[in-house]
Amino acid sequence: KALIDSEILGKVSVAEIKEILSSHLPDLHLATLMTYLIRNNSSSLLKRFGYLLELQGKDYGQRLQKYCDATVIFLDPTKPRKGPKNQKWRLLINA
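Below you will find a few notes about this structure.

Definitions and limits used
Residues numbered from 1 in each chain as written. Predicted model: local features only at pLDDT ≥ 70, side-chain atom pairs only at ≥ 80, totals over all residues. Heavy atoms only, no water. Helix = DSSP H or I, 4+ residues; strand = E, 2+ residues; numbered from the N terminus. Buried < 20%, exposed > 50% of the residue type's maximum accessible area, 1.4 Å probe, protein only. Salt bridge = Lys/Arg side-chain N within 4 Å of Asp/Glu carboxyl O. Pairing = 2+ DSSP bridges. Phe/Tyr/Trp six-rings, centres within 6.5 Å; stacked < 30°, edge-to-face > 60°. Lys NZ or Arg CZ within 6 Å of the ring centre and 35° of its normal.

**Things to note about the environment of Ser22**
And step 1. Structurally, the position occupied by Ser22 is in helix α2 (residues 14-24).
And step 2. Exposure remark for Ser22: the relative accessible area of 40% places this residue in the partly exposed category.
And step 3. When the C-alpha positions of Ser22 and Thr32 are compared, they lie 17 Å apart, and in sequence the two are 10 residues distant.

**Structural notes on the pattern of salt bridges**
And step 1. In total, this model carries five salt bridges according to the counting rule given.
And step 2. The salt bridge involving Lys1 is made with Asp5; its shortest N-O contact spans 3.3 Å.
And step 3. The class of Lys1 is exposed, set by a relative accessible area of 52%.
And step 4. For Asp5, a relative accessible area of 30% corresponds to the partly exposed category.
And step 5. Notably, a salt bridge pairs Lys88 with Glu54, separated by 2.5 Å at the nearest N-O pair.

**Some points on unusual backbone geometry**
And step 1. Phi at Asn41 is positive, roughly 60°, even though this residue is not glycine.
And step 2. Its place among the elements puts Asn41 in the loop between α3 (30-40) and α4 (43-55).
And step 3. A positive phi angle, close to 55°, is found at Arg90, a residue other than glycine.
And step 4. With respect to the helices and strands, Arg90 occurs in the loop between β2 (85-86) and β3 (91-92).
And step 5. The class of Arg90 is partly exposed, set by a relative accessible area of 28%.

**So, the sheet that holds β3**
And step 1. Taken in spatial order, the three strands make up an open sheet running β1-β3-β2, and their pairing is mixed. Of all the strands in the sheet, just β1 (73-74) and β2 have a single pairing partner and so form its edges.
And step 2. Relative to β3, β1 runs parallel, the two being bridged by two bridges. Bridge pairing in β3 places Phe74 opposite Leu92.

**Some details on the packing of aromatic side chains**
The description of two aromatic rings rests on the distance between their centres and on the angle between their planes.
And step 1. For the structure on display, the rule yields zero aromatic pairs.
And step 2. The ring of Tyr36 has Lys1 sitting right over it, with the charged end atom 5.9 Å from the ring centre.

Next comes the structure, spelled out in structure tokens:
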């Protein structure tokens, strides 16, 4: 929950979240993380975490995408608005 809250409040960058997930994935209770993500009711948050988890080999697409809207967003809203588009997660990969 702290990781999600940190992303919502802008306290950590997308790169830092990616590093945390990469380093601590075996320690995370992913079912609880999914519950918190869905409960938060933020399509942007679901897209970003879904994509970052997929990079770590965890595919939660079917579970999370039904809560995502069709709007394309930026993976990192603080970075320049350029990069390839990920169709599955409707993200512009700019980080």
